[in-house]
Amino acid sequence: MGKIIAFSNQKGGIGKTTSAVNVAASVALKKKKTLLVDLDPQGNATSGVGVSKKGDLPSVYELLIGEKTIEETIVKTDFGDLWVIPSNIRLAGAEIELVGSEKRESLLKNELEKIVDGFDYIIIDCPPSLGILTLNALAAADGVIIPMVCEYYALEGLSQLVLTVKQIKKNYNPKLEIVGILITMYDRRLNLSKMVEKELEKYYGDKIFKTRIKRNVRLSEAPSYGQPVFYYDKLSSGTEEYLAVATELIKRI
């Protein structure tokens, strides 16, 4: 049975989608059949793997409201063993539309259960909020990876997210665990980075991925070409780092 991993952080601009896309692509490079589920209405994970978020493809929105089957929403990418369930701006209305749905927190879980045996890994890119979409992701997942930057506001947000994960584990999904905390946009030259890193190590210890994702121009450029960083520049430091994260993720799971 495949493992379902959600990438979640309610704070935006911290490399969450970049990490979800590149970890998914890196795991797929290791001959693991991988499905990327874009659960963010911005659709950046969708375009990040070369699929148009402006087209008429069936998306995760139609899946959640029951208009399409999950098999109809899965799209093969051009990147080896990587598939995607795309998203687009229509998903923004789902927060309101799903309020009255029975067991609304389990809609995604029920759909993924139908195809999870067909994949080694299912990676979910959550929106930067703790609403119904993120609840669906965490209720479906075996584990959550929390990307974060070395800033104090991010540290405060991490505490809230950890509490949310515990509540969801208690109320909806007993198997949910924090797989790890992934430090992104890391700059070793900054004293603040070192201070926050030390705080993280103090409280979360072995939950922190050993690999740090450093600020990297090629990593920032890759999405505009609709490519994970490995396919955009195999020799970039971002490629090396995300391949290392994928290796570590497989070992942790």
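Reading the values: the criteria
- Residues numbered from 1 in each chain as written.
- Predicted model: local features only at pLDDT ≥ 70, side-chain atom pairs only at ≥ 80, totals over all residues.
- Heavy atoms only, no water.
- Helix = DSSP H or I, 4+ residues; strand = E, 2+ residues; numbered from the N terminus.
- Rg over C-alpha atoms; globule rule 2.2 N^0.38 Å.
- Buried < 20%, exposed > 50% of the residue type's maximum accessible area, 1.4 Å probe, protein only.
- Axes fitted to C-alpha atoms, helices over the stretch in contact; angles between N-to-C directions.
- Parallel < 35°, antiparallel > 145°, perpendicular 65-115°, else oblique.
- Left-handed = near helix turned anticlockwise from the far one by under 90°.
- Contact = heavy atoms within 4.5 Å.
- Nonpolar A, V, L, I, M, F, W, Y, C, P; charged D, E, K, R; others polar.

Colleague: Before we move on, could you go through the overall build of the protein and cite the residues and values that matter?
Modeller: A tally of regular secondary structure across the protein gives 12 helices and seven strands. Over its C-alpha trace the protein gives a radius of gyration of 17 Å, about what one expects of a compact globule, namely 18 Å for 253 residues. Referenced to the eigenvectors of the C-alpha coordinate spread, the extents of the protein come out at roughly 50 × 40 × 30 Å. Buried residues in the protein amount to 55% of all 253 residues.

Colleague: Hey, could you go over the packing of helix α8 (residues 152–171) against helix α9 (residues 191–204) for me, with residue numbers and the actual values?
Modeller: In the contact formed by α8 and α9, the axes pass within 10 Å of each other and the chain directions differ by 20°. In terms of their interaxial angle, α8 and α9 are classed as roughly parallel. The two elements α8 and α9 meet at a crossing, and its hand is right-handed. Note on element contacts: α9 touches α8 through Leu-192, Met-195, Val-196, Glu-199, Leu-200 and Tyr-204, opposite Tyr-152, Leu-155, Leu-158, Ser-159 and Val-162. For the contact of α8 with α9, the class distribution of residues is nine nonpolar, one polar and one charged.

Colleague: Help me get a handle on unusual backbone geometry, residues and values and all.
Modeller: The phi dihedral of Lys-31 is positive, around 65°, even though this residue is not glycine. The topology assignment puts Lys-31 in the loop between α1 (16–29) and β2 (34–38). Accessibility expressed as a relative area gives 69% for Lys-31, which makes it exposed. Of note, the phi angle at Met-185 is positive, near 50°, even though the residue is not glycine. Tracing the sequence through the fold places Met-185 in the loop between β7 (177–183) and α9. Classification of Met-185 as partly exposed rests on a relative accessible area of 30%.

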